[in-house]
Amino acid sequence: SQQGEEDPQALSIQEGENATMNCSYKTSINNLQWYRQNSGRGLVHLILIRSNEREKHSGRLRVTLDTSKKSSSLLITASRAADTASYFCATAGSNAGNMLTFGGGTRLMVKP
Amino acid sequence: DSGVTQTPKHLITATGQRVTLRCSPRSGDLSVYWYQQSLDQGLQFLIQYYNGEERAKGNILERFSAQQFPDLHSELNLSSLELGDSALYFCASSVGLAAGDTQYFGPGTRLTVL
């Protein structure tokens, strides 16, 4: 079963605007990761934030993590048409095996 | 390109049949994971192998089985196929077992059961 929910399920913005996606999860985690999936293709790892971190940056991406609220957000700044994709958060627990539990994803459309 | 390869890209088969999906991990990665992505269930973890041994099991049906061979490639066997097994099946690999090890995903195999 999925770990949690992503919000919104779909987001449509203009190029140059910022996109914010939220993710909530249910159980304690070791880390939270964000992946991007272009239509029906493989997932691309974007960024990982550990449970003891609160914020992380990578290029135009900014991720925050609030373990007290069991939530995370992904901000894409100055979006481009090429950012159009589905974005998934995934959590890794403390159990052995490193399996990922994915959220339902946010479909982002960036209009040129 | 993640370095993870999966074959075949597409597979169309009939109910009741058996298929085998193949995955080659990135060079140097010892862990292989299988995930299923369907419209109703989303992305779900199925099973993980590390250096030939099963390490973790998720929502994998009894009709499904997997193995990892000495050369570290992995196969996912799906039998007695049902319409509901139609999905994208992803393989991912990571260097080890640590929770912080990044998983690199292959392009997936799209299975259609008619």
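Trainee: Tell me about the overall build of chain B, and please be specific about residues and values.
Mentor: For chain B, the helix and strand inventory stands at 0 helices and 11 strands. Whereas a compact globule of 114 residues would reach a radius of gyration of roughly 13 Å, chain B reaches 13 Å, a difference of no more than 12%. For chain B, the spread of C-alpha atoms along the principal axes amounts to about 35 × 30 × 25 Å. Every one of the 114 residues in chain B was classed for burial, and the buried ones make up 52%. The long-range fraction of contacts in chain B, counting pairs at least 24 apart against all pairs at least 6 apart in sequence, stands at 55%. Counting 8 positive and 11 negative side-chain charges, chain B places the centres of these two groups 3 Å from one another.

Trainee: Outline the interface of chain B and chain A, listing residues and values.
Mentor: At the interface, 26 residues of chain B touch 23 residues of chain A. Roughly 1,700 Å² of surface becomes buried between chain B and chain A when both sides are summed, with 53% attributable to carbon and sulfur atoms. If you sort the residues of chain B by the area they bury against chain A, Leu43(B), Ala99(B) and Phe105(B) come out on top, with a joint share of 32%. The tally of links between chain B and chain A comes to 0 salt bridges. At the boundary of chain B and chain A, one finds 4 residue pairs in polar contact (both at pLDDT 80 or more). Residue assignment for the side of chain B that touches chain A shows that the elements contributing at least two residues are β4 (31-38), β5 (42-50), β6 (53-57) and β9 (87-94) of chain B. Looking at the side of chain B that touches chain A, the element that brings in the most residues is β5(B), giving 5 residues.

Trainee: Tell me about the state of the cysteines, residues and numbers included.
Mentor: For the coordinates displayed, the defined rule picks out 2 disulfides over all chains. Paired through a disulfide, Cys23(A) and Cys89(A) show a sulfur-sulfur distance of 1.9 Å. Measuring handedness by torsion sign, the sulfur bridge of Cys23(A) and Cys89(A) sits at about 70° and is right-handed. Of this pair, Cys23(A) sits in strand β3 (residues 19-24) while Cys89(A) sits in strand β9 (residues 85-92), placing them 66 residues apart in sequence. The buried category is assigned to Cys89(A), whose relative accessible area is 2%. With its sulfur 1.8 Å from that of its partner, Cys23(B) forms a disulfide with Cys91(B). Here the S-S torsion is close to -45°, and the disulfide linking Cys23(B) with Cys91(B) is therefore left-handed. Taken together, the residues span a long stretch of sequence, with Cys23(B) in strand β3 (residues 19-24) and Cys91(B) in strand β9 at a distance of 68 residues.

Conventions adopted
- Residues numbered from 1 in each chain as written.
- Chains lettered and ligands numbered in written order.
- Predicted model: local features only at pLDDT ≥ 70, side-chain atom pairs only at ≥ 80, totals over all residues.
- Heavy atoms only, no water.
- Helix = DSSP H or I, 4+ residues; strand = E, 2+ residues; numbered from the N terminus.
- Rg over C-alpha atoms; globule rule 2.2 N^0.38 Å.
- Buried < 20%, exposed > 50% of the residue type's maximum accessible area, 1.4 Å probe, protein only.
- Contact = heavy atoms within 4.5 Å.
- Lys, Arg positive; Asp, Glu negative; His and termini not counted.
- Charge placed at Lys NZ, Arg CZ, Asp CG, Glu CD.
- Buried area = accessible area lost by both parts, 1.4 Å probe.
- Salt bridge = Lys/Arg side-chain N within 4 Å of Asp/Glu carboxyl O.
- Polar contact = N/O pair within 3.5 Å; in protein donor to acceptor, adjacent residues only side chain to side chain.
- Disulfide = S-S within 2.5 Å.

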